Amino acid sequence: MDIDTLIRERHSVRKYYDHPVEENKLAILSARIAEINSTHGVHFQMVTEDPEAFSNFILHYGRLEAYNYIALIGNKKDATLDEKCGYYGEELVLKMQELGLNSCWLALTYSKKSLKVSVAKDERLVLIIAFGYGMNQGMGHKKKTPQEVSNLAADSPAWFAKGVEYALLAPTAVNQQKFYFTLDGDKVKLKAGHGPSTKVDLGIVKYHFELGAGKENFLWQE
Ligand SMILES: Cc1cc2nc3c(=O)[nH]c(=O)nc-3n(C[C@H](O)[C@H](O)[C@H](O)COP(=O)(O)O)c2cc1C
């Protein structure tokens, strides 16, 4: 399946069947997690078939039912940890979609104590991604306009428009879409707004923008 379809069809899913995910699919995810961990200095951990993970957390609209998750953990002192979790976590989310699995980012509505992960003293659990076979495919989220989140103009290059379009299709915490892209020549600046998990959102949105715009077309301006 092409990336455009994966991005458009992926939505948050909060209820999953307890069917185990096939070994070959888990192997693909764990191989990529191992690579991300060794290359980018994080400590992502995957836990599968855990019936207790979400059993203690009641949401006002019902319990989240999920049995598998990836915990995004890394060094406390790494100032880019949240952004890294967003960027590489979203890569894994789109990989799950390609494998026919559903997913949901979770920063708040779960109990950290119920997780079967190890977080060392110098580490921080940033958030988790629940995944598995969903009971539904979720729904598209409400989107801001490109002009609300960027300086896109009539004469902007097509790659910039596509990058912003893909960024608006990205998941963000409470669907806040608090980010802003500024195009200046062949440089793009991305700024996060204020709100919960906006630095994680920044990494997610950065990953989507690169997929839409094509990394060869621009440089990130720090
Ligand atoms: C960083 C982050 C944190 C999130 N935390 C939660 C959460 O704690 N609970 C929840 O139910 N959904 C959570 N979500 C899911 C968002 O509500 C969802 O992605 C957003 O509404 C857009 O919907 P979509 O993913 O279906 O496109 C989170 C998403 C992100 C990106």
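Residues numbered from 1 in each chain as written. Predicted model: local features only at pLDDT ≥ 70, side-chain atom pairs only at ≥ 80, totals over all residues.

Before going further, it helps to examine the overall build of the protein chain. In terms of helices and strands, the protein chain carries six helices and nine strands. Computed over C-alpha atoms, the radius of gyration of the protein chain comes to 17 Å, within 12% of the 17 Å expected from 2.2 N^0.38 for 222 residues, which places it in the range of a compact globule. Reported as C-alpha extents along the three principal axes, the dimensions of the protein chain are approximately 55 × 40 × 35 Å. For the protein chain, with 222 residues in total, the buried portion stands at 39%. For the protein chain, long-range pairs separated by at least 24 residues make up 73% of all intrachain contacts whose partners lie at least 6 apart in sequence. (Helix = DSSP H or I, 4+ residues; strand = E, 2+ residues; numbered from the N terminus. Rg over C-alpha atoms; globule rule 2.2 N^0.38 Å. Buried ≥ 20, exposed ≤ 12 C-beta atoms within 10 Å, placed from the backbone. Contact = placed C-beta atoms within 7 Å.)

Side chains of strand β7 (residues 179-184) alternate between two faces, with Phe179, Phe181 and Leu183 buried and Tyr180, Thr182 and Asp184 left unburied. Across six bridges, the pairing between β7 and strand β8 (residues 187-192) is antiparallel. By the bridge assignment for β8, Thr182 is matched with Lys189. Linking two consecutive strands that pair antiparallel, namely β7 and β8, is a turn of two residues; a positive phi of about 65 degrees is found at Gly185 within it. (Pairing = 2+ DSSP bridges.)

So, on to helix α6 (residues 198-213). Helical periodicity: at 3.6 residues per turn, an α-helix aligns residues three or four positions apart in one direction. Relative to the 22 Å expected for 16 residues at 1.5 Å per residue, α6 spans 21 Å between its end C-alpha atoms, a close match to the ideal helical length. Burial of α6 is extensive: 14 of the 16 residues sit out of reach of the surface. (Expected span 1.5 Å × (residues − 1).)

So, on to the packing of helix α5 (residues 158-168) against α6. Contact pair α5 / α6: the axes reach a minimum separation of 7 Å and the direction vectors enclose 140 degrees. Between α5 and α6 lies a crossing whose hand is right-handed. Residues Trp159, Phe160, Lys162, Gly163, Glu165, Tyr166 and Ala167 of α5 form the contact with α6, whose participating residues are Val205, His208, Phe209, Leu211, Gly212 and Ala213. Across the contact of α5 with α6, the residue classes tally to eight nonpolar, three polar and two charged. (Axes fitted to C-alpha atoms, helices over the stretch in contact; angles between N-to-C directions. Left-handed = near helix turned anticlockwise from the far one by under 90°. Nonpolar A, V, L, I, M, F, W, Y, C, P; charged D, E, K, R; others polar.)

Attention now moves to the domain arrangement of the protein chain. Segmenting the protein chain into domains produces domain 1 (3-132) and domain 2 (146-220). Inter-centroid distance (C-alpha atoms) of domain 1 to domain 2 is 23 Å. Listed by partner, the interface residues are 16 residues for domain 1 and 17 residues for domain 2. Considering every element that reaches the side of domain 1 that touches domain 2, the biggest residue donor is helix α3 (residues 81-98), with eight residues. (Domains from an automatic or database assignment.)

With that settled, the discussion passes to the environment of Glu123. Its location among the elements puts Glu123 in strand β6 (residues 123-132). Residue Glu123 is classed as partly exposed on the basis of its C-beta count, with 18 C-beta atoms lying within 10 Å. Along the backbone, Glu123 and Lys191 are 68 residues apart, and their C-alpha atoms lie at a distance of 26 Å. Other than its neighbours up to four places away in sequence, Glu123 contacts His43, Ile73, Gly74, Asn75 and Lys76.

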